[in-house]
Amino acid sequence: MSLDQSLAVAANSLCVVAFLAPNPVPATRIAEQISVNPVVIRRTVGKLVAAGLVRSLAGVNGGYVLARPIGEITMQDVFTAISEKGIFERANSAPRAACPEGEAISKAIISTFSEAEGAFAKVLQETTLEQLLSRAEYT
């Protein structure tokens, strides 16, 4: 699953859990709400549990609940929980050692990608789950 899909599944999962709070929400219910396979939900929410964003409650009436208030969970927290790399995977594309042009271009690309990652992280850090839910238009 691509990073943008993983982030969307994680954000949607958290929104479903927040919307249905304080009741624990089973993975199957989250999956139904956002039309994603329950296995994908369990895998994604497992990362959110490991990051301390969600708690898992066992039992017949168990499921997932938020571990923190919605105003304290940022989209950067979600991104950090589900991503293993930055938004730009840096493949081994180093130029030949004897190619000064390639080295200069590589440095410029890395610098540009770094700036873009910083801007992305800033927006995510400034956006809480509460703000995301308030932006949602539903009836």
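Sequence order as written defines the numbering, with residues in each chain counted from 1. It should be noted that, the model being predicted, local features are given only for residues of pLDDT at least 70 and side-chain atom pairs only at 80 or more, the latter also being counted only at that level, while totals for whole chains, interfaces and linings use all residues. Think of the side-chain values as coming from all heavy atoms in the structure, minus any hydrogens and water.

Peer 1: Please clarify how helix 4 (residues 75–82) should be interpreted in this entry.
Peer 2: Quick reminder: α-helices carry 3.6 residues per turn. Residues three or four places apart thus point the same way. For the exposure calls, accessible area comes from a 1.4 Å probe over protein chains only, and a residue counts as buried if that area is under 20% of its type's maximum, exposed if over 50%, partly exposed in between. Elements are defined by DSSP. Helices are runs of H or I of four residues or more, strands are runs of E of two residues or more, and each kind is numbered from the N terminus. Where burial is concerned, most of helix 4 is hidden: six out of the eight residues are buried. Along helix 4, the residues that are buried comprise Met 75, Gln 76, Val 78, Phe 79, Ala 81 and Ile 82. On the buried face of helix 4, the contacting elements are helix 1 (3–19), helix 3 (38–50), helix 5 (100–125) and helix 6 (129–135). The contact criterion used is simple: two residues touch if any of their non-hydrogen atoms lie within 4.5 Å.

Peer 1: Honestly, the nonpolar core in this entry has me stumped. Any pointers?
Peer 2: Side chains of nonpolar character tend, in soluble globular proteins, to be buried together. The criterion is simple. A nonpolar core is a set of buried Ala, Val, Leu, Ile, Met, Phe, Trp, Tyr and Cys residues joined through side-chain atoms within 4.5 Å. Core analysis: the biggest nonpolar cluster contains 33 residues, and Ile 30, Ile 41, Leu 48 and Val 78 have the highest contact counts within it. Mapped by element, the contributors of at least two residues to this core are helix 1, helix 2 (27–34), helix 3, strand 2 (63–66), helix 4 and helix 6. Among the elements that line this core, the one with the most residues is helix 1, at nine residues. Not counting chain neighbours up to four residues away, the residues in contact with Ile 30 comprise Ser 13, Val 16, Val 17, Val 25, Ile 41, Val 45 and Tyr 64.

Peer 1: Just to check I follow, could you spell out the packing of aromatic side chains for this structure?
Peer 2: The relative placement of two aromatic rings is captured by the distance of their centres and the angle of their planes. Two aromatic rings, drawn from Phe, Tyr or Trp (for Trp, its six-membered ring), form a pair once their centres lie within 6.5 Å of each other, and the interplanar angle then sorts them: stacked below 30 degrees, edge-to-face above 60, tilted otherwise. Counted by the stated rule, this structure contains one aromatic pair. Seen in terms of ring centroids, Phe 79 and Phe 120 are 5.4 Å apart; in terms of plane orientation they differ by 80°. Their pairing is edge-to-face. Here the residue Phe 79 occupies a position in helix 4, and Phe 120 occupies one in helix 5, the gap between them amounting to 41 residues. Classification of Phe 79 by relative accessible area gives buried; the value is 9%. On the accessibility criterion, Phe 120 (29% relative accessible area) is partly exposed.

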